[in-house]
Amino acid sequence: MTDATLIIFDCDGVLVDSEPLANAVLHAELARLGDALSLAESTALFTGLSLPSCTEIIRRRLGRPPPADFLPRLRSGVAAAFRRDLAPVAGVEAVLQGLDRPYCVASSGSHEKIRFSLGLTGLEQFFPPDRIFSADDVVRGKPAPDLFLHAADAMGFHPGNCLVVEDSRPGVTAARAAGMAVLAFAGRGEPQSLREAGAEVVFTSMDELPALLRASAPGA
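Summary of the structure given here. This is a predicted model, so every value here is computed, not measured. (Residues numbered from 1 in each chain as written. Predicted model: local features only at pLDDT ≥ 70, side-chain atom pairs only at ≥ 80, totals over all residues. Heavy atoms only, no water.)

Of all the five residues making up strand E2 (residues 103–107), five are buried; the element is thus mostly covered by neighbouring parts of the structure. Side-chain alternation along E2 places Tyr103, Val105 and Ser107 on one buried face and Cys104 and Ala106 on a second face that is also buried. Looking at chain direction, strand E1 (residues 6–9) and E2 are connected through three bridges and run parallel. Within E2, the residue paired with Ile8 across the bridge is Cys104. Pairing analysis gives three bridges linking E2 to strand E3 (residues 132–134), with the strands arranged parallel. Bridge pairing in E3 links Ser107 to Ser134. Once the chain exits E2 it traverses helix H6 (residues 111–121) before rejoining the sheet at E3, and the crossover so formed is right-handed. (Buried < 20%, exposed > 50% of the residue type's maximum accessible area, 1.4 Å probe, protein only. Helix = DSSP H or I, 4+ residues; strand = E, 2+ residues; numbered from the N terminus. Pairing = 2+ DSSP bridges. Right-handed = clockwise from strand over helix to strand, strands pointing away.)

For Glu19, the position within the fold is in helix H1 (residues 19–32). When the C-alpha atoms of Glu19 and Gly34 are compared, they prove to be 22 Å apart, with 15 residues separating the residues in sequence. Discounting residues that sit within four places of it in the chain, Glu19 has contacts with Asp12, Gly13, Thr47, Gly48 and Asp167. (Contact = heavy atoms within 4.5 Å.)

As a further point, take the packing of aromatic side chains. One pass over the full model with this rule turns up three aromatic pairs. Relative to Phe127, the ring of Tyr103 has its centre 5.4 Å away and its plane inclined at 90 degrees; by these criteria the two rings are edge-to-face. Of this pair, Tyr103 sits in strand E2 while Phe127 sits in the loop between H6 and E3, and the two are 24 residues apart along the sequence. Accessibility classification places Tyr103 together with Phe127 in one group, the buried group. With a centroid separation of 5.3 Å and 40 degrees between ring planes, the pair formed by Phe185 and Phe203 is classed as tilted. Here Phe203 lies in strand E6 (residues 201–203) and Phe185 lies in strand E5 (residues 181–185), a separation of 18 residues in the sequence. By relative accessible area, Phe185 is classed as buried at 9%. Here the aromatic residues Phe9, Tyr103 and Phe127 are joined through ring pairs into a cluster of three or more. The ring of Tyr103 has Arg131 lying over it, and the distance from NZ or CZ to the ring centre is 4.5 Å. (Phe/Tyr/Trp six-rings, centres within 6.5 Å; stacked < 30°, edge-to-face > 60°. Lys NZ or Arg CZ within 6 Å of the ring centre and 35° of its normal.)

If you walk through the whole model with that rule in mind, you get 13 salt bridges. What you see here is one network of salt bridges that share partners, running through Asp10, Lys142 and Glu166. (Salt bridge = Lys/Arg side-chain N within 4 Å of Asp/Glu carboxyl O.)

We now examine the side chain of Ser18. Tracing the chain through its elements places Ser18 in the loop between E1 and H1. Take Ser18: its relative accessible area is 1%, and that puts it in the buried class. Polar contacts involving the side chain of Ser18 include one to the side chain of Asp12, which spans 2.5 Å. Setting aside its immediate chain neighbours within four residues, Ser18 contacts Asp12, Gly13, Phe82 and Leu86. (Polar contact = N/O pair within 3.5 Å; in protein donor to acceptor, adjacent residues only side chain to side chain.)

Turning our attention to the nonpolar core. Proteins that are soluble and globular tend to have nonpolar side chains buried together. One finds Phe9, Leu15, Leu96, Phe127, Met206 and Leu209 to be the most contacted residues of the largest nonpolar core, which totals 46 residues. Listed in part, the 25 residues of the second largest apolar core include Cys162, Val164, Ala178 and Leu194. (Core = buried A, V, L, I, M, F, W, Y, C linked by side-chain atoms within 4.5 Å.)

Moving on, we get to the environment of Ser108. Among the structural elements, Ser108 can be located in the loop between E2 and H6. Residues Ser108 and Arg32, 76 residues apart in the sequence, show an inter-C-alpha distance of 24 Å. Setting aside residues up to four positions removed in sequence, Ser108 forms contacts with Gly48, Leu49, Ser50, Leu51, Ala135, Lys142 and Leu147. Within polar-contact distance, the side chain of Ser108 engages the backbone oxygen of Gly48 at 2.9 Å.

In short, geometric facts, not functional conclusions.
Below, the structure written as structure tokens:
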């Protein structure tokens with residue numbers, strides 16, 4: 001394994017500004033099932049988790065499995081919202097263009113969703129298939145460390161030589177459990193929650209990230 005540093009990006013909320021779109025669709029579908037969560041409560045509960053983890057939480061809240069059409073409706077609604085409104089996180093393309101270290105993406109989304117999101121936003125040019133890692137690849141998604149450990153191993157890096165860019169509490173928790181440093185993006189708020197989860201640095205604009213990455217480089 002190399003002694004260089006690997007940068008691991010989350011996708012939703014870090015590369016693509018998908019969280020408000022996906023959360024609005026999920027909230028609407030939960031309301032159809034009779035779950036009275038507010039949009040803010042739903043967002044706080046589900047952001048950063050894999051779809052199987054979300055489904056399990058919904059099953060526990062309802063006291064029964066969601067109906068058979070729940071996941072197809074959710075996927076269809078999210079895809080439609082993405083096609084209509086999905087955009088890159090402001091400033092992230094410039095960050096990717098300026099990287100001089102190895103990097104990849106490790107997301108709670110499925111491979112299909114990650115490719116779809118990156119394709120819609122034009123960011124697929126930065127992430128060939130061998131740099132894309134999904135919760136599909138591991139048994140346990142975030143907040144377990146498995147996905148980040150898998151990405152590091154596949155890319156040939158020791159966990160201690162990885163730096164994760166995350167925006168959710170489950171993602172920060174997963175990265176810290178994997179023994180990785182975390183730069184937490186709080187572009188949509190919740191900086192204190194990210195600090196409490198273990199993020200060493202919290203930033204609110206992608207314009208800050210290049211300097212933070214330079215400061216974290218070996219020998220900096």
